[in-house]
Amino acid sequence: MTGSTDLTRLTAAETASAVAAGEVSAAEVAAAHLDRIAAVDDRVHAFLHVDAEGALAAAKAVDAARSSGEQLSPLAGVPLALKDVLTQKGIPTTCGSRILEGWRPPYDATVTARLKDAGVVILGKTNMDEFAMGSSTEHSAYGATHNPWDLDRIPGGSGGGSAAAIAAFEAPLAIGTDTGGSIRQPAAVTGTVGVKPTYGAVSRFGLVALASSLDQAGPCARTVLDAALLHSVIAGHDPLDSTSLDQPVPDVVGAARRADVKGLRIGVVKELGGEGYQAGVRQRFDEAVALLADLGAEVVEVSAPHFPYALAAYYLILPSECSSNLAKFDGIRFGLRVGEDDGDPSVEQVMARTRAAGFGPEATRRIMLGTYALSAGYYDAYYGSAQKVRTLIQRDFAAAFEQADVLISPTAPTTAFKLGEKLDDPLAMYLNDVATIPANLAGIPGMSLPIGLAPEDGLPVGLQIMAPAMADDRLYNAGAALEGALLDRWGHPILEEAPAL
Amino acid sequence: MSTDTTEKVLPYDDVVASFDPVLGLEVHVELGTATKMFCGCPTTFGAAPNTQVCPTCLGLPGSLPVVNKVGVESAIRIGLALNCSIAEWCRFARKNYFYPDMPKNFQTSQYDEPIAYDGYLDVDVETDEGVKTFRIGIERAHMEEDTGKTTHQGGATGRIHGADYSLVDYNRAGIPLIEIVTKPIEGTGKYAPEVARAYVTALRELLRGLGVSDVKMEQGSLRCDANVSLRRTPSDTFGTRTETKNVNSLRSIERAVRYEMTRQAAVLEDGGSITQETRHWHEDTGITTSGRSKEEAEDYRYFPEPDLVPIAPSREWVEELRTSLPENPAVRRARLQQVWGISDLDMQTVLNAGALDVVEDTVAAGADQAAARKWWLGELARVANERGVELADLPITPAQVAGVEALVSEGTLNDKLARQVIEGVLAGEGEPDAVVASRGLAVVSDDGPLLAAIDEALAAQPDVADKIRGGKVQAAGAIVGAVMKATRGQADAGRVRALLLERLGVSE
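Residues numbered from 1 in each chain as written. Chains lettered and ligands numbered in written order. Predicted model: local features only at pLDDT ≥ 70, side-chain atom pairs only at ≥ 80, totals over all residues. Heavy atoms only, no water.

Caption draft 1: The arrangement of the overall build of chain B in detail. Regarding its fold elements, chain B presents 17 helices and 14 strands. Expected size for 508 residues packed as a compact globule is a radius of gyration near 23 Å; at 31 Å, chain B overshoots this value by more than 25%. Summarising its shape, the C-alpha atoms of chain B cover approximately 95 × 55 × 50 Å along the three principal directions. By the burial criterion, 49% of the 508 residues in chain B qualify as buried. The contacts in chain B between residues at least 6 apart in sequence include a share of 68% that link residues at least 24 apart. Accessible area of chain B: about 23,100 Å², with a carbon and sulfur share of 50%. Taken together, the 53 basic and 76 acidic charged side chains of chain B have centroids lying 2 Å from each other. (Helix = DSSP H or I, 4+ residues; strand = E, 2+ residues; numbered from the N terminus. Rg over C-alpha atoms; globule rule 2.2 N^0.38 Å. Buried < 20%, exposed > 50% of the residue type's maximum accessible area, 1.4 Å probe, protein only. Contact = heavy atoms within 4.5 Å. Areas by Shrake-Rupley, 256 points an atom, 1.4 Å probe, with all protein chains shown as cover. Lys, Arg positive; Asp, Glu negative; His and termini not counted. Charge placed at Lys NZ, Arg CZ, Asp CG, Glu CD.)

Here's what the structure looks like:
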């Protein structure tokens, strides 16, 4: 590496091989990213906590291992931004909520432990909508994250911090979590790559639950190959998570390198597109479909008739599970405690005061919705019916995958909207996830990758690829093929189009 | 209401003359698994507060449960022993309510898909017409986790109202529980309190036999809630019930049911109606007081636990567990009584002494049943009582008791010597043979030394010898006694007497 190389511009794969070859030290890489964070994050606000000391120590450990001749793992020395919904021992974990302010978990999430074991350098914790509820990071108790493409716009959510950190070259890799689109939608609006693996592929142990049956952690990166490398580090069976799949992880890295869609049957989902989707999003999507056909894919249209009910079902299942999952935040054992000295309150009063003060408006809204949906007399009509819709959506997918190897759609109906634009209209906000939610309800994997800028606003557009459960490798194969063809067409990565910060 | 301790009651005879009781019993059993239901924390009783905890049983953010397989196995074995069907597929559910001793503010339990359902347990109760068997229907047995334990500090009552502060110990949080719920128990009439007690007694015996729990009511590893309602006649629909909690001994179950019947009857006789509510049993005063009424009861918002996968025990596994079940206690009792050929009363004596296992084992080791009962209900019961321990905890095994008895029946020992051998075994002097040898206790069976001792005694008491010769056979006792003394009890008194009479040429 020459001194003039900007280490923050390298891909994760490039960084790892440079570190492994001794061309650059992991400590230099970490320092370059910490410098970048110091330079730009006051405007982007991707991070809630930067652990400079821990990051440099981890990087030096990688360097020491290399000097002593140890075989380094494929991502050793690569910096990463960790979404603040995953625990990291001793490091503040807030989930973007006031109610967890100051809590330092006594244990590592399985994802965190696997990253550490792989020599990945964790730079800090990224901003998010409170408890991962939102599509803009505006519901963070610690202020919104700004989209590096336009600081007045949202970076998506809930994982806007992770996506923005990558797009702003503050880290080459990040971990997100995706309950209804929280990895894929931020990837789409920031011009980055994000993958929600098959449900159960990545351990949820240490992932602070929003909706247990939907949550899944996954990789965020600037390239499909980088995402695959990260995917293979964090995926795999974990006995600490009962819902973890005890099956071999598909060869996602090999698939990303293969990048060949010749003869692949690609299904365009009729219900995820058209009306309600921004013109520039539709245009770029149609061009990408044509490009895939040019690459030799067999493009077919498929129908998923129950998808129009997905959003409604999701907004019953998610709040129901979330109302129970968030019950533990009561000020008794950890985190915020409010009002214990005001009068002579009962324990119930302290719990109520803590929760009233600690949860923001979106968390409160969903807790109340879920509490209502699970109540005696309403359960069958709401939670019960929603579970039936979920089954129907799974059947839709099963039928569609009879006709196609992968399915595609735009990731989000629009490009990044302005901060504040949808904050007072929850339903408009919820519609951002209309195309991503079905994959969560069915437990199947999905990827978003950038396919260009919308002509009308010059902002990134994402394409979503979905595959059957445990066929995550198909996402990487198709995604890498499309990415490569687009790169050839553009002559440079899309993020080079973004304005300098 | 909770301070109202002077509720009117109706005399019990009047209650049963005018009302028909219906019971429902809910028993919580703490399993004796080495680790908790959903994490790897140990379950040892009495550890320092909050030392047996981890992120999962503390409900820390991000933690997840993993099901304890031994807990599921125990639940299935309990279900099978209670003649239940075992679900082919069932799930855990979350029972949502806020309480500081609930780390997650929901309890992981089972709701409409219990692992075991639809069984029964037969219990025997002494009635005016002799022993009668009541079949108690089992509605369900399901798995759940225990809560932490709250202690209220300061204030007068140790209860939450008036306390200065409260301490929570989460060591108990997550310990596996099985909740066993009966169907409505009808047709017991005036024996309702005895039936309730007999059911819990039988259940405890069954659980102990399964080895799934230490079933110690005083330590809370077996807890009972009693639902009681009254109606005018058995053909009426069920009356409004109350649920009495905190009933923590067998005697209390009987007393609590009886009290609740007399209290409810008084309310109904006065034209009042029963409030559906939780009531607390007070061991000291023998009454129940009103707790939370069901109007204020919470909606638990049950839904399937999404952090766990369904439990689907294979039929092979269930059958394997079924064949490994110990014999049903009632069947076993009947079998042993028949084999031993003893009366109901004798059997009851064995049961009351808690001697069934040791007697059975002693017989199995070769002793005659009568001898086995004699030792365990006599000498050994006395020692156990003195030491304040259970028979099984005495430092002597059924095999050793059978060994002593074998020495008696072959004539090496007499009763008096045998007691000394047992004393030696209890004192840790080794096996019966070793005690006989070291204490030199064997009966003198060689006639030579006995005849010598007889001659000596006759010489010492010539007047007695003459009396015997003269036909006063009853005087022989004095000589026999002297011989026994001379041989330090190691002679067979019967043999001595026979030799003596032969010596003197007299017959009985």
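Back to the write-up after that little detour.
Caption draft 2: Quick peek at helix H12 (residues 415–426) of chain B. Residues and elements named next belong to chain B. If you check H12, its first and last C-alpha atoms are 16 Å apart, about what 12 residues at 1.5 Å a residue would give, namely 16 Å. Among the residues of H12, those classed as buried are Leu417, Ala418, Val421, Ile422, Gly424, Val425 and Leu426. Residues of H12 that are buried make contact with helix H9 (369–377), helix H10 (379–387), helix H11 (398–409) and helix H13 (432–439). At the exit of H12 stands Gly428, carrying a positive phi of roughly 85 degrees. (Expected span 1.5 Å × (residues − 1).)

Caption draft 3: Structural view of the packing of helix H6 (residues 329–340) of chain B against helix H8 (residues 356–364) of chain B. Residues and elements named next belong to chain B. One can describe the packing of H6 onto H8 by two numbers: an axis separation of 12 Å at closest approach and a directional angle of 45 degrees. With respect to each other, H6 and H8 are oriented oblique. Note that H6 runs across H8; the crossing there is left-handed. Contact residues: Arg332, Arg333, Arg335, Leu336 and Trp340 in H6; Leu356, Asp357, Val359, Glu360 and Val363 in H8. A per-class count over the contact of H6 with H8 returns 5 nonpolar, no polar and 5 charged. (Axes fitted to C-alpha atoms, helices over the stretch in contact; angles between N-to-C directions. Parallel < 35°, antiparallel > 145°, perpendicular 65-115°, else oblique. Left-handed = near helix turned anticlockwise from the far one by under 90°. Nonpolar A, V, L, I, M, F, W, Y, C, P; charged D, E, K, R; others polar.)

Caption draft 4: Here's a closer look at the interface of chain B and chain A. Taken together, the 31 residues of chain B in the interface contact 39 residues of chain A. Summing both partners gives a buried area of about 2,700 Å² for chain B against chain A, and 61% of it is carried by carbon and sulfur. Looking only at chain B, the three residues that lose the most surface to chain A are Pro61(B), Leu64(B) and Arg301(B), adding up to 23% of its buried area. Where Asp307(B) meets Arg204(A), a salt bridge forms, and the shortest distance between an N and an O atom there is 3.0 Å. For the side of chain B that touches chain A, the elements supplying multiple residues, two or more each, are strand S3 (93–96) and strand S14 (303–304) of chain B. Residue classes in the side of chain B that touches chain A are distributed as 20 nonpolar, 6 polar and 5 charged. (Buried area = accessible area lost by both parts, 1.4 Å probe. Salt bridge = Lys/Arg side-chain N within 4 Å of Asp/Glu carboxyl O.)

Caption draft 5: A look at the packing of aromatic side chains. Under the defined criterion, the tally for this structure stands at 19 aromatic pairs over all chains. Both rings, one in Tyr383(A) and one in Phe303(B), keep their centres 5.7 Å apart while their planes meet at 70 degrees; by these two values the pair is edge-to-face. With one member in each of two chains, Tyr383(A) in helix H13 (residues 380–403) and Phe303(B) in strand S14 form a pair that bridges those chains. For the pair formed by Tyr383(A) and Phe303(B), the shared burial category is buried. Aromatic pair Tyr111(B) and Tyr302(B): ring centres 3.9 Å apart, planes at 5 degrees, arrangement stacked. Note that Tyr111(B) is positioned in the loop between strand S4 (106–109) and strand S5 (116–127) and Tyr302(B) in the loop between strand S13 (287–293) and S14, a separation of 191 residues in sequence. Take Tyr302(B): its relative accessible area is 18%, and that puts it in the buried class. Joined through ring pairs, the aromatic side chains of Trp103(A), Phe131(A), Phe329(A), Phe334(A) and Phe359(A) make up one cluster. (Phe/Tyr/Trp six-rings, centres within 6.5 Å; stacked < 30°, edge-to-face > 60°.)

Caption draft 6: View of the sheet that holds strand S11 (residues 460–466) of chain A. Residues and elements named next belong to chain A. With respect to topology, 11 strands assemble into an open sheet ordered S1-S3-S2-S4-S6-S5-S10-S11-S9-S7-S8, the strand pairing being mixed. Two strands lie at the open edges of the sheet, namely strand S1 (47–50) and strand S8 (298–302), each paired on one side alone. With strand direction ignored, the average angle separating the axes of adjacent strands in the sheet is 30 degrees. As defined by bridge partners, strand S5 (residues 193–196) adjoins strand S6 (residues 217–221) across 2 bridges and the pair is classed as antiparallel. Among the inter-strand pairings, Val193 is bridged to a residue of S6, identified as Ala221. Across the sheet, helix H16 (residues 472–490) is in contact with S5, S6, strand S9 (406–410), strand S10 (446–453) and S11; its angle to S10 comes to roughly 10 degrees. (Pairing = 2+ DSSP bridges.)

Caption draft 7: Representation of the pattern of salt bridges. Evaluation of the coordinates by the stated rule reveals 54 salt bridges over all chains. A salt bridge links Arg337(A) to Glu340(A); the shortest N-O distance between them is 3.2 Å. Using a relative accessible area of 41% as the deciding quantity, one classes Arg337(A) as partly exposed. For Glu340(A), a relative accessible area of 40% gives the class partly exposed. For the salt bridge of Arg366(A) with Glu362(A), the shortest nitrogen-to-oxygen distance reads 2.7 Å. Linking Arg366(A) with Glu362(A), this pair stays in helix H12 (residues 361–373), spanning 4 residues, or about one helical turn. Accessibility expressed as a relative area gives 3% for Glu362(A), which makes it buried. Here the residues in one salt-bridge network are Arg204(A), Asp241(A), Arg94(B), Glu305(B) and Asp307(B), joined through shared partners.

Caption draft 8: Quick look at the nonpolar core. One finds Leu115(A), Phe131(A), Ile175(A) and Tyr476(A) to be the most contacted residues of the largest nonpolar core, which totals 116 residues. Within the second largest apolar cluster, 72 residues are counted, among which are Val72(B), Ile178(B), Ala198(B) and Val200(B). (Core = buried A, V, L, I, M, F, W, Y, C linked by side-chain atoms within 4.5 Å.)

Caption draft 9: Molecular detail of the side chain of Asn227(B). Residues and elements named next belong to chain B. Within the secondary structure, Asn227 sits in strand S10 (residues 222–231). A polar side-chain atom of Asn227 sits 2.9 Å from a polar atom in the side chain of Arg241. The contact partners of Asn227, leaving out residues within four places of it in the chain, are Val22, Leu23, Gly24, Glu26, Arg241, Thr242 and Glu243. (Polar contact = N/O pair within 3.5 Å; in protein donor to acceptor, adjacent residues only side chain to side chain.)

Caption draft 10: Representation of helix H14 (residues 447–460) of chain B in the model. Residues and elements named next belong to chain B. Helix length check: H14, at 14 residues, gives a terminal C-alpha distance of 20 Å against a target of 20 Å (1.5 Å per residue), a fit within 8%. Looking only at H14, the buried set comprises Leu450, Ala453, Ile454, Ala457 and Leu458. Buried residues along H14 cover an arc of 135 degrees about the axis, so they all sit on one side. For H14, exposure combined with an orientation more than 90 degrees from the buried face picks out Glu456, Ala459 and Ala460. Packed against the buried residues of H14 are helix H15 (462–469), helix H16 (476–486) and helix H17 (493–504). (Arc of directions from axis to C-beta.)

Caption draft 11: Seen up close, the state of the cysteines. Residues and elements named next belong to chain B. Evaluation of the coordinates by the stated rule reveals 0 disulfides over all chains. For Cys224, which is in no disulfide, the shortest distance to another cysteine sulfur is to Cys84 and amounts to 17 Å. Relative accessible area serves as the criterion here: at 1%, Cys224 is assigned to the buried category. (Disulfide = S-S within 2.5 Å.)

Caption draft 12: Structural context of the domain arrangement of chain B. For chain B, the domain assignment lists domain 1 (12–317), domain 2 (328–439) and domain 3 (447–504). Here the C-alpha centre of domain 3 of chain B lies 69 Å away from the C-alpha centre of domain 1 of chain B. (Domains from an automatic or database assignment.)

Caption draft 13: Structural context of the packing of helix H9 (residues 279–294) of chain A against H16(A). Residue and element names in this part refer to chain A. In the contact formed by H9 and H16, the axes pass within 10 Å of each other and the chain directions differ by 105 degrees. Between H9 and H16, the crossing angle belongs to the class labelled roughly perpendicular. Here Ala288, Leu291 and Leu292 of H9 lie close against H16, whose contacting residues are Leu482, Ala485, Leu486 and Arg489. Residue composition of the contact of H9 with H16, by class: 6 nonpolar, no polar and 1 charged.

Caption draft 14: Region of interest: the sheet that holds S14(B). Residue and element names in this part refer to chain B. The strand order across the open sheet built from 3 strands is S4-S3-S14, with neighbouring strands paired in antiparallel fashion. Strands with a single pairing partner mark the edges of an open sheet, and in this sheet they are S4 and S14. By the bridge criterion, 4 bridges tie S3 to S4 in an arrangement that is antiparallel. Note that in S4 the partner of Lys95 across the bridge is Gln107.

Caption draft 15: View of the side chain of Lys422(A). Residue and element names in this part refer to chain A. Structurally, Lys422 can be placed in the loop between S9 and helix H14 (426–430). Of the side chains with opposite charge, Glu421 comes closest to the buried, unpaired Lys422, at an N-O distance of 5.2 Å. Beyond its immediate chain neighbours, meaning those up to four positions away, Lys422 contacts Thr414, Phe417, Ala428, Met429 and Asn432.

Caption draft 16: Spotlight on the pairing of strand S1 (residues 20–30) of chain B. Residues and elements named next belong to chain B. Among the 11 residues in S1, 11 count as buried, and that is most of the element. Here S1 shows a buried face lined by Asp20, Val22, Gly24, Glu26, His28 and Glu30 and a second buried face lined by Pro21, Leu23, Leu25, Val27 and Val29. Where S1 lies against S10, 10 bridges are found, and the strand directions are antiparallel. Counterpart to Gly24 in the pairing with S10 is Asn227. Bridge analysis of S1 against strand S9 (residues 176–182) gives 5 bridges, and the strand direction is antiparallel.

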